[in-house]
Amino acid sequence: MPRPKPLIPKTYLDWQQKVLARDLFTCQICGKNHHQVQLEAHHIKPYYKNPKLRLDINNGKTLCNTCHKEQHRKGWKNAQKTNN
Ligand SMILES: [Zn+2]
Ligand SMILES: [Zn+2]
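Reading the values: rules and limits
- Residues numbered from 1 in each chain as written.
- Chains lettered and ligands numbered in written order.
- Predicted model: local features only at pLDDT ≥ 70, side-chain atom pairs only at ≥ 80, totals over all residues.
- Helix = DSSP H or I, 4+ residues; strand = E, 2+ residues; numbered from the N terminus.
- Contact = placed C-beta atoms within 7 Å.
- Core = buried A, V, L, I, M, F, W, Y, C linked by C-beta atoms within 7 Å.
- Buried ≥ 20, exposed ≤ 12 C-beta atoms within 10 Å, placed from the backbone.

Turning next to the environment of Trp15. By secondary structure assignment, the location of Trp15 is in helix α1 (residues 10–22). Counting along the chain gives 26 residues from Trp15 to Ala41, while the straight-line C-alpha distance between them is 8.2 Å. Among all residues touching Trp15, those that are not within four sequence positions of it are Ala41, Leu55, Ile57 and Gly60.

Shown next, in the form of structure tokens:
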């Protein structure tokens, strides 16, 4: 029987933890910390265009989920456009 794949790979979670720790668990846009908001690690350069940067901590940025959504709304828009 095939094993179900984990939804989020452990390597990705490790990367996220490292990015959050480096940024001292603080959103790099609004400055809120993990006690106030839910934090996520954002890829500065889209990883689908730069697969090697997917697990590069220097390509990660700590954002709260609100700022993260906002960032994708404007940040990756152009990248997605040119990709299509
Ligand atoms: Zn934020
Ligand atoms: Zn992101």
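Resuming the write-up.
What follows covers the nonpolar core. Ranked by size, the top nonpolar core spans 5 residues in total: Cys27, Leu39, Leu63, Cys64 and Cys67. Contacts of Leu39, omitting those with residues within four sequence positions, involve Leu20, Phe25, Cys27, His34, Thr62 and Cys64.

Let us now look at the environment of Tyr47. As for its placement among the helices and strands, Tyr47 is situated in the loop between β1 (39–43) and β2 (60–64). In this structure Tyr47 comes out as partly exposed when scored by C-beta crowding, with 16 C-beta atoms within 10 Å. Through-space distance from the C-alpha of Tyr47 to that of Asn59 is 8.9 Å; in sequence the pair is 12 residues apart. Those residues in contact with Tyr47 that sit more than four places away from it in its chain are Leu53 and Arg54.

This part covers unusual backbone geometry. Its identity is not glycine, yet Leu24 carries a phi of approximately 55°, on the positive side. With 9 C-beta atoms counted inside 10 Å, the residue Leu24 sits in the exposed group. With a phi close to 50°, Phe25 is a non-glycine residue in the positive phi region. For Phe25, a count of 15 C-beta atoms within 10 Å puts it in the partly exposed group.

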